[in-house]
Amino acid sequence: MSSFLRPLVRRSHGLLKLQYLRTFSTKIDSQLTSDNRIRIIEVGPRDGLQNEKKIVPLTTKIELIERLAKTGLENIEAGSFVAPKWVPQMADSGEILEYILKTSPPSTAPINYSFLVPNNKGLSKAMTILRSHPASYNTFSPPHTSTPEAYSPSNPVIEISVFAAATESFTQKNLNCDIATSLERFKEVIIGAKGVGHRVRAYISVVLGCPFEGYDVNPQRVAEIATDLLEMGADEIDLGDTTGMGTASSTRNLLLAMEAAGIRKEDIAMHFHDTYGQALVNTLISLEHGIRSFDSSVGGLGGCPYSPGATGNVATEDMVYFLNNLGLDTGVDLDAMVDVGQWITREIGKDNASSVGKAIIGKRERT
């Protein structure tokens, strides 16, 4: 049986199970009631900072999250429970989660905070913290507690993310195992997180180009991995162009493969890096295919420790400006986001990679 047909067959066998698991993500679907509404997932505090060689102080990371929370964002990737020896920058993610639970940064709307969890050890660390604050956060159905009074609409929602890859070479470099083994590990995490009510995002990295295998990433293989993750219970597949090698044609082919595998557009988010200046072009192609969820990073922060040469994520300022001028609604205050981008890039000694941010700052200085 060809690798293209396999996800179709497996999906038909697991359809009832998949529909049941997806009931936990209906809240996200309801947020996108208008075709003009775009869901922005801000990844700056995790993906944006993880590759910084100089450790960013915990106070700066917390202030970044606080500032972002006031821009109208409803989704922020806040940290990662990876082993500190592999990603030292994320060693204080437990403290960030504690802070969010104890303080709940002021925001214009309740915020979904996601934390990357690579394995059961990371999940156990996160769950230990969450169990210490049972009334300080919300989950998706079923609720994390049997006491209704513990639920508060003002509480943050805590989500869990896992991180797979589309090629064997990248998986070996990133996770020190093959794809099949990585998926088995993620299955345990997904089941554990879903069992206590958490929504789960599943990243698939290097979907449009791999630093070790080049441009030849099979879109049908990506769709097969996505199907596996959805059948495990993941609520959303985040397709990551980790190297920024994606083009309009390869993005289109990937989304056609996902559609052919029976994967709903509502279950897909796109994650573009702007290494070759193609992130917004690929965003437009994704919009034409009905995708309405996109990752971005304030100030264009980012990179990947396992992807040599990859530059930052598409800047949130650029993404919001682009979408606004298409008549789409992100709910994000562009001027406020520009301020955050200017602040954080200066704070950590980086150039501001947002073209829109620099243009707006320059205009302000001239008037």
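Owing to the predicted nature of the structure, the values given are computational and were not obtained by experimental measurement.

## Here we look at the overall build of the protein
Next, step 1: Counting its regular elements, the protein contains 15 helices and 8 strands.
Next, step 2: When the 367 residues of the protein are sorted by exposure, 57% land in the buried category.
Next, step 3: Here the contacts in the protein between residues at least 6 apart in sequence split such that 77% fall between residues at least 24 apart.
Next, step 4: Counting only carbon and sulfur atoms, one obtains 53% of the accessible surface of the protein, whose full area is about 14,800 Å².

## A closer look at the nonpolar core
Next, step 1: Judged by nonpolar contacts, the single largest core of 88 residues is most densely connected at Tyr113, Phe115, Ile204, Leu229, Ile237, Leu239 and Met258.
Next, step 2: A per-element tally of this core places helix H10 (residues 219–232) first, with 7 residues.
Next, step 3: One finds Ile41, Val43, Leu116 and Phe163 within the second-largest nonpolar core, a separate group that totals 5 residues.

## Focus on the pairing of strand S6 (residues 236–241)
Within a regular beta strand, the side chains point alternately toward one face of the sheet and then the other, so they alternate between its two faces.
Next, step 1: With 6 of 6 residues buried, S6 is to be regarded as a mostly interior element.
Next, step 2: Side chains Glu236, Asp238 and Gly240 project from S6 onto one buried face, and the interleaved Ile237, Leu239 and Asp241 project onto a second face that is buried too.
Next, step 3: With respect to chirality, the unit in which strand S5 (residues 200–205) leads through H10 into the neighbouring parallel S6 is right-handed.
Next, step 4: Examined bridge by bridge, S6 and strand S7 (residues 268–272) share 5 bridges and lie parallel to one another. Considered in S7, the bridge of Leu239 is made with Met270.
Next, step 5: Considered for its hand, the β-α-β crossover made up of S6, helix H11 (residues 248–260) and S7 is right-handed.

## What to know about H10
Next, step 1: Compared with an ideal rise of 1.5 Å per residue, which puts 14 residues at 20 Å, H10 spans 20 Å between its outermost C-alpha atoms and is within 8% of the ideal.
Next, step 2: Most of H10 sits out of view: 11 of its 14 residues are buried.
Next, step 3: Along H10, the positions that sit buried rather than exposed are Val222, Ala223, Glu224, Ile225, Ala226, Thr227, Asp228, Leu229, Leu230, Glu231 and Met232.
Next, step 4: Within two residues after H10, Gly233 carries a phi angle of roughly 125 degrees, on the positive side.

## Details of the confidence of the model for the protein
Any segment with low pLDDT has predicted coordinates that should not be analysed in fine detail.
Next, step 1: Counting all residues, the mean pLDDT for the protein is 89, and 86% of those residues have values of 70 or more.
Next, step 2: Of the regions scoring below 50 in pLDDT, residues 1–33 engages in 61 contacts with residues more than four places distant in sequence or in other chains.
Next, step 3: Taken together, the stretch residues 143–148 has pLDDT below 50 and engages in 6 contacts with residues farther than four places along the chain or on a different chain.

## A few points about the side chain of Ser136
Next, step 1: Relative to the assigned elements, Ser136 resides in the loop between helix H7 (120–131) and strand S4 (157–165).
Next, step 2: From its side chain, Ser136 meets the backbone oxygen of Leu101 in a polar contact 3.5 Å long.

## Digging into the environment of Thr139
Next, step 1: Secondary-structure assignment places Thr139 in the loop between H7 and S4.
Next, step 2: Accessibility expressed as a relative area gives 13% for Thr139, which makes it buried.
Next, step 3: Along the primary structure Thr139 and Arg199 are separated by 60 residues, whereas in three dimensions their C-alpha atoms are 7.1 Å apart.

## Some thoughts on the environment of Asp267
Next, step 1: Checked against the element boundaries, Asp267 lands in the loop between H11 and S7.
Next, step 2: With a relative accessible area of 1%, Asp267 lands in the buried category.
Next, step 3: Taking the C-alpha atoms as reference, Asp267 lies 9.7 Å from Arg292; in sequence the two are 25 residues apart.
Next, step 4: There is a polar contact of 2.9 Å between the side chain of Asp267 and the side chain of Arg264.

## Section: the environment of Ala135
Next, step 1: Considering the arrangement of structural elements, one finds Ala135 in the loop between H7 and S4.
Next, step 2: Of the residues examined, Ala135 reaches a relative accessible area of 47% and is grouped as partly exposed.
Next, step 3: Residues Ala135 and Asn155 lie 20 residues apart in sequence; the distance between their C-alpha atoms is 8.4 Å.

## Re the pairing of S4
Next, step 1: Counting buried residues along S4, 9 of its 9 residues qualify, which places the element largely inside the surrounding structure.
Next, step 2: Residues Val157, Glu159, Ser161, Phe163 and Ala165 line one face of S4 and the alternating positions Ile158, Ile160, Val162 and Ala164 line the opposite face, and both faces are buried.
Next, step 3: Where strand S3 (residues 112–116) meets S4, 5 bridges bridge the pair, whose relative direction is parallel. Bridged to Tyr113 within S4 is Ile158.
Next, step 4: As paired elements, S4 and S5 share 6 bridges and run parallel to each other. Considered in S5, the bridge of Val162 is made with Ala202.

Thresholds, definitions, all that
Residues numbered from 1 in each chain as written. Predicted model: local features only at pLDDT ≥ 70, side-chain atom pairs only at ≥ 80, totals over all residues. Heavy atoms only, no water. Helix = DSSP H or I, 4+ residues; strand = E, 2+ residues; numbered from the N terminus. Buried < 20%, exposed > 50% of the residue type's maximum accessible area, 1.4 Å probe, protein only. Contact = heavy atoms within 4.5 Å. Areas by Shrake-Rupley, 256 points an atom, 1.4 Å probe, with all protein chains shown as cover. Core = buried A, V, L, I, M, F, W, Y, C linked by side-chain atoms within 4.5 Å. Right-handed = clockwise from strand over helix to strand, strands pointing away. Pairing = 2+ DSSP bridges. Expected span 1.5 Å × (residues − 1). pLDDT = per-residue confidence, 0-100. Polar contact = N/O pair within 3.5 Å; in protein donor to acceptor, adjacent residues only side chain to side chain.

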